[in-house]
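# Working through the structure, step by step
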Amino acid sequence: AGIAMVYQNLSVLPSLNAIENIFAGRMIRRRFGGLDYVRMASTGEQLFKRLNLDVDIEVPLYKLTQAQQLMVEFARILLLDPRVIILDELSNKLTPEEMTTIYDIIFDYRRQGKAIIYITHDIEETLRLADRVTILKNGYRRGTERVSDLDHYRLFQLTYSFALEKR
C-alpha cells in the first residue's frame, strides 16, 4: 500500500541475519527460482552504506545491539521506498550520530514529496522536523497546529497542559 513503519518495539527476526531480515517476504530470485543471495547482499550493503551502518550482514541479529537491529529494520523500509513512512520513538533508541543519518533520510524523503509521520515526545525534535503537529492524549486528539505557528512554550502547553480544552 506504499506505507512502511518502524515500530517502537523491534519487529526483526533475531535468529536471521541482516539480509534475511531486510528481504523477508521479498526475496530476490534467479531466473530458475533459486535465491539470488549475491544480489540481495549487494543491495543490503548499499542500504547499510546509506545508513552509515557497519555490521557483518551474515551475523544473526541477536548478536547485534538493539540500535543496530533497529537500523536493519530501517534498511528494510528503505528497500520498500514507500510513499508514507511512520517512525515511532526512534530517537530514544539510537545514538545522536545514527539519528543524524535518519534525519538526513527524512529530509530527503520530504524533498521527494513523501509523507513522514514521526511519533516523538521530544519537543526540540518536533520543532526541527515537523510541518504540523498533532497532540494525542489517551487516544484523543488534543489539537493539531502548524509548527510555524508554535514556539517551545505553546508546544509544551499543548503537550502537557491538562487545561487544554477538547476540540
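Structure: above.
Right, let's walk through the structure included here. Numbering of residues begins from 1 in every chain and follows the order in which that chain's sequence is written. Under the rules for a predicted model, residues below a pLDDT of 70 receive no local features and side-chain atom pairs below 80 are neither given nor counted, while totals for whole chains, interfaces and linings still include all residues. The side-chain values count all of the structure's non-hydrogen atoms but skip hydrogen atoms and water molecules.

Per the secondary structure count, the protein includes six helices and five strands. Start at the N end of the protein and walk to the C end: the helices and strands fall as β-α-α-α-β-α-β-α-β-β-α. Principal axes of the C-alpha set define a box for the protein whose edges measure 60 × 30 × 25 Å. When contacts within the protein are restricted to residue pairs at least 6 apart in sequence, those whose partners lie at least 24 apart make up 59%. Starting at the N terminus, helices and strands are each numbered in turn, a helix being any DSSP run of H or I of at least four residues and a strand any DSSP run of E of at least two. Two residues form a contact once any of their heavy atoms are found within 4.5 Å.

Okay, the side chain of Asn17 next. Positionally, Asn17 belongs in the loop between β1 (3-6) and α1 (18-22). Among residues more than four places away in sequence, those in contact with Asn17 are Tyr37, Ile57, Glu58, Val59, Pro60 and Leu61.

Right, let's get into the environment of Glu89. You can see Glu89 is positioned in the loop between β2 (84-88) and α4 (96-111). What makes Glu89 buried here is its relative accessible area of 7%. Through-space distance from the C-alpha of Glu89 to that of Gln8 is 5.6 Å; in sequence the pair is 81 residues apart. Filtering out sequence-adjacent residues up to four positions away, Glu89 remains in contact with Gln8, Ile119, Thr120 and His121. Think of a polar contact as two N or O atoms within 3.5 Å of one another; within protein, one of them needs to be a possible hydrogen donor and the other a possible acceptor, and neighboring residues in sequence only count if both atoms come from side chains. Looking at Glu89, its side chain comes within polar contact range of the side chain of His121, at 2.4 Å. Working definition: with a 1.4 Å probe on protein chains only, accessible area under 20% of the residue-type maximum means buried, over 50% means exposed, and in between means partly exposed.

The next point concerns the sheet that holds β2. Each pair of strands is called paired provided DSSP finds at least two bridges between the two strands. Strand order across the open sheet formed by three strands is β1-β2-β3, with parallel pairing between neighbours. Here the strands that pair on one side only, and so sit at the sheet edges, are β1 and β3 (115-119). Recorded for the sheet is a direction-independent mean angle of 15° between the axes of neighbouring strands. Where β2 meets β3, five bridges bridge the pair, whose relative direction is parallel. In the strand pairing of β3, Val84 is matched with Ala115. Contacting β1 and β2, helix α3 (residues 66-80) runs over the sheet at an angle of about 175° to β1. All axes here are fitted lines through C-alpha atoms, helices being fitted over the stretch that makes contact, and every angle between N-to-C directions spans 0 to 180 degrees. Of the strands in this sheet, β2 and β3 are in contact with α4, which crosses β3 at around 145°.

Our focus in this paragraph is the pattern of salt bridges. Salt bridges are identified by distance alone: a Lys or Arg side-chain nitrogen within 4 Å of an Asp or Glu carboxyl oxygen. Counted by the stated rule, this structure contains six salt bridges. A salt bridge links Arg50 to Asp108, with the nearest nitrogen and oxygen atoms 3.1 Å apart. Highlighted residues: Arg50 in helix α2 (residues 37-50) and Asp108 in helix α4, separated in sequence by 58 residues. Put simply, Asp131 and Arg110 hold a salt bridge, and the shortest N to O gap is 2.8 Å. Placement of Asp131 in the loop between α5 (123-129) and β4 (132-137) and of Arg110 in helix α4 is noted, with a sequence separation of 21 residues between them. Looking at Arg110, the relative accessible area reads 31%, which means it is partly exposed. Salt bridges here are not isolated pairs; linked through shared partners, they connect Arg50, Asp108 and Arg111.

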